[in-house]
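Below, each chain spelled out in residue letters.
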Amino acid sequence: MTESAESQHWAPERLTALLTGAVAEAMRAVSGHVGGVYLRSSTPGLLRLAVLAGLPGPLFRPWWRMHVDRPFPVADAHRLGVEIQLADLTETMRRYPQLAAGLPFRFGSVYVPVVGASTAYGVLTVLRPAAWDPTSAPQDRDRLTEAAQALGAALHELEADGPEVLWDGEPLCVQPPANGASPRHAGRGTPGDGAADLLPEGVFTLDRLGLFSYVNPRAALLLGHPPSELLGRSLWHAVPWLEQPTYEDHLRGALLSRDPVHFQVRRPPAPGEGPGSGERYGDGDRFSLSVYPGPDGLTFTAVPLGREAEAAKAAPLPGGTDHDGHERDDPPFDPLATPAALADVPAASAARAGGADSLYPPVFLALALSEAVTARQVSAVVMQELLPAFGGRRLAIYLLQDRHLYLAWESGFPKGFLDPFDGVALDVRLPGVETLTSGRPLFFESMEQLSAAYPGIPLDAEEGARAFLPLIASGRPVGSCILGFDRPRGFSPQERTVLTALAGLIAQALERAQRYDTEAALARGLQAALLPHRLPVHPQVETAGRYLPGTQGMDVGGDWYDVVEAGDGLALVIGDVQGHGVQAAATMGQLRSAVRAFALGGHPPEEVMSGTNRLLIDLDPGQFASCCYIRLDPLTGAARAARAGHPQPLLRHPDGRTEVLDLPGGVVLGVAPDAVYPVVDLRLEPGAVLALYTDGMVERPGTDIDEGVERLRAALSRAATPTRRTGPSLGGTADLLIEEARQATDRPDDIALLLTTRPATHADRP
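Residues numbered from 1 in each chain as written. Predicted model: local features only at pLDDT ≥ 70, side-chain atom pairs only at ≥ 80, totals over all residues. Heavy atoms only, no water.

> Account for the overall build of the protein, with residues named and values stated.
Per the secondary structure count, the protein includes 19 helices and 28 strands. In the protein, buried positions account for 53% of the 766 residues. Contacts in the protein between residues far apart in sequence, at least 24 positions, make up 62% of those at least 6 positions apart. For the protein, the accessible surface area stands at approximately 33,200 Å², while carbon and sulfur atoms represent 52% of it. (Helix = DSSP H or I, 4+ residues; strand = E, 2+ residues; numbered from the N terminus. Buried < 20%, exposed > 50% of the residue type's maximum accessible area, 1.4 Å probe, protein only. Contact = heavy atoms within 4.5 Å. Areas by Shrake-Rupley, 256 points an atom, 1.4 Å probe, with all protein chains shown as cover.)

Laid out in structure tokens, this is it:
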């Protein structure tokens, strides 16, 4: 709970009672086996899980916090103020692919906003079996809505007696309600039936919070602890070596979907335990775990490797039933099992253990896609993450444009094979087209199946399997994805579900990439139009400007430079608008125009800066900018400079000595309306070079900006003195200074550089 809650006018126990009571009522309303409530926190836009009933908290730590802008049902329910119902995994992966990718298990869920008066406090959520039909019992949904409304009203009343109701701590984990009671706080479970003490395999049980409630002697031996050290303790505290992602995901699946799972584990040797110590079984300390969910918790059987056959009869339940006695119309949840493997428990168990990481590609892919910016980067991520995870060797991604599908990426197909399909119309009967127009994935376990379904279709191989996935983001068609496998293979129900959910993730990433490409093109166009196409030519002064976009994210930023002929002088300007993209480029254009207008009006540097600062504040673009403005007399070299939070200029003297100027300055533009910008007098000698630059020129990740300034100073010092007619030019010096940045593949920020010199005459040379 938030620390401030402990000093409330109301007792914290009052809030706890309200929350746990509401969760219990919500679970009873729709016969849910898991319930919880999210509340707002002191961090703006962040919801925190306050109460979790029926699940062990540590196993679901990634879902303890939820930002309201994320594409998850909890966030949408809170942000939009609407109830969200997801009947099963198919609907979840269609509407919220990121949730399905992280929890690809068979369960239904409902999310109801908790609102009191006009204040949105959080979200009440319940999980229940996937067979639930959300339209079958409106009275149950009404009870759930009433529970959320009652909680909102109670929280509003509670808030009236003290500060805001917020939650900043870890969730309170409680037992699910039983016989109409409120959830019970975590505690020691009830011992199991001692008859299992006589069984040759290990048997132990956990309650819904992951606490040991029974351990038989053989299970204690396999887990490496006596029963007295296990009972009443959390699985992850008592047996820390089971706290591994591959094991935890199996347990999440059992708790959420209520389907049995089977996998293998290895107990590491205890400190000081040698190879010959203790009782060993078959393959060292490896043994198979089978997990059977029930309404009150999980029952485990542990069988040392080599003895699975002895326990095979006890492993599966009778065909087609779950632990509540209901018939199932699909096989138990398992990401690797084929229909044939499901009939053989030991073989299926071994296959599962050999590919336990297959549960993780959805999470890995979601994380990797979050870093991809362009369509090409998205395609590369799919090839690197998705193909190896499912054993694929071929990949093709098509994007929809003007009712035609165009090839965006291919890998593994024979050269030129896909060319005839590039630009195919949506009315052509091809699997890659029909998967998008129908919105249904198409799976072909052999090339014969593909030929039979689409007679005459060209094939790139005589044997193999193919999966055609629709790429649809929030109901908008984006394209299609083709996965190719070298050998015939089956696609289990779970594989089909996971691949379909992944297709939704890919579609969202591609749609985001297309928006990025559009905005980037617009920003580049703005940048090119707003930067000076050429600089003024003056008989006594030579200038050279350069600009480089960044290489990360929205690569066009708000850096600019300018040279303005103002009366008998020249105004030298460089600036940097915070941020990147269209908004930064547009703000840069407004500032450049403002500075030019003030300069042409003959205003002194301090007035130019003050006027531009007030204009930026009035425009209120939500951005600030740094700037350096220097008014130069071309005849005498006298200059007056003002600086607003911008890097210090460099001055290379005619003898090659180069210094970092120390100009006092004011705050960045757009922050303080009454900011003052002091002016400093300078002199630009004939043959000297003045360098103005933006921070992208000197900033590098992991290094101090002063080191970058020193590198630039040294490079300018080494450059030969530019001359107008013979020898190196000022433009050549500018190219030399940015060459290193131009060659860099990782350039986090854009770069602007403006060099100015008064070429030395014969009279100026010694």
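> So what's going on with the pattern of salt bridges? Which residues, and what values?
Following the criterion strictly, the structure yields 24 salt bridges and no others. A salt bridge links Asp460 to Arg394; its shortest N-O distance comes to 2.8 Å. Of this pair, Asp460 sits in the loop between helix H14 (447–453) and strand E17 (465–473) while Arg394 sits in strand E13 (residues 394–401), placing them 66 residues apart in sequence. Of the two residues, Asp460 and Arg394, neither departs from the other in class, the shared state being buried. The shortest N-O distance in the salt bridge between Glu445 and Arg496 comes to 3.5 Å. Placement of Glu445 in the loop between strand E16 (442–444) and H14 and of Arg496 in helix H15 (residues 493–530) is noted, with a sequence separation of 51 residues between them. The exposure class assigned to Arg496 is partly exposed, which follows from its relative accessible area of 28%. What emerges from the salt-bridge pattern is a single network uniting Arg393, Arg394, Asp460, Arg466 and Asp486. (Salt bridge = Lys/Arg side-chain N within 4 Å of Asp/Glu carboxyl O.)

> Could you give an account of the sheet that holds strand E24 (residues 650–652), with specific residues and numbers?
A sheet is described by the order of its strands in space; here 5 strands give the open sequence E19-E28-E27-E24-E25, paired in antiparallel fashion. In the strand order of this sheet, the two ends are held by strand E19 (542–548) and strand E25 (658–660), each with one partner. The average undirected angle you get between the axes of adjacent strands in this sheet is 15 degrees. Sheet topology note: the strand E27 (residues 689–693)/strand E28 (residues 751–757) ladder contains 5 bridges and is antiparallel. Residue pairing in the sheet places Val689 in a bridge with Thr757 of E28. Relative to E19, helix H19 (residues 730–743) is tilted by about 20 degrees, and along the sheet it contacts E19, E27 and E28. (Pairing = 2+ DSSP bridges. Axes fitted to C-alpha atoms, helices over the stretch in contact; angles between N-to-C directions.)

> Account for the packing of aromatic side chains, naming residues and giving values.
The description of an aromatic ring pair uses the distance of the two centres, along with the angle that the planes make with each other. For the structure on display, the rule yields 11 aromatic pairs. Note on Phe204 and Phe300: the rings are 4.4 Å apart at their centroids and 10 degrees apart in plane angle, and the pair reads as stacked. Taken together, the residues Phe204 in strand E8 (residues 202–207) and Phe300 in strand E12 (residues 297–304) connect sequence positions 96 residues apart. Using a relative accessible area of 1% as the deciding quantity, one classes Phe204 as buried. Pairing Phe413 with Phe417 gives two aromatic rings, centres 6.3 Å apart and planes at 5 degrees, and the pair type is stacked. Members of the aromatic cluster, joined through ring pairs, are Phe204, Phe212 and Phe300. Arg489 extends its terminal NZ or CZ atom over the ring of Phe485, reaching a point 4.9 Å from the ring centre. (Phe/Tyr/Trp six-rings, centres within 6.5 Å; stacked < 30°, edge-to-face > 60°. Lys NZ or Arg CZ within 6 Å of the ring centre and 35° of its normal.)

The quantities given are spatial measurements derived from coordinates; they are silent on function.
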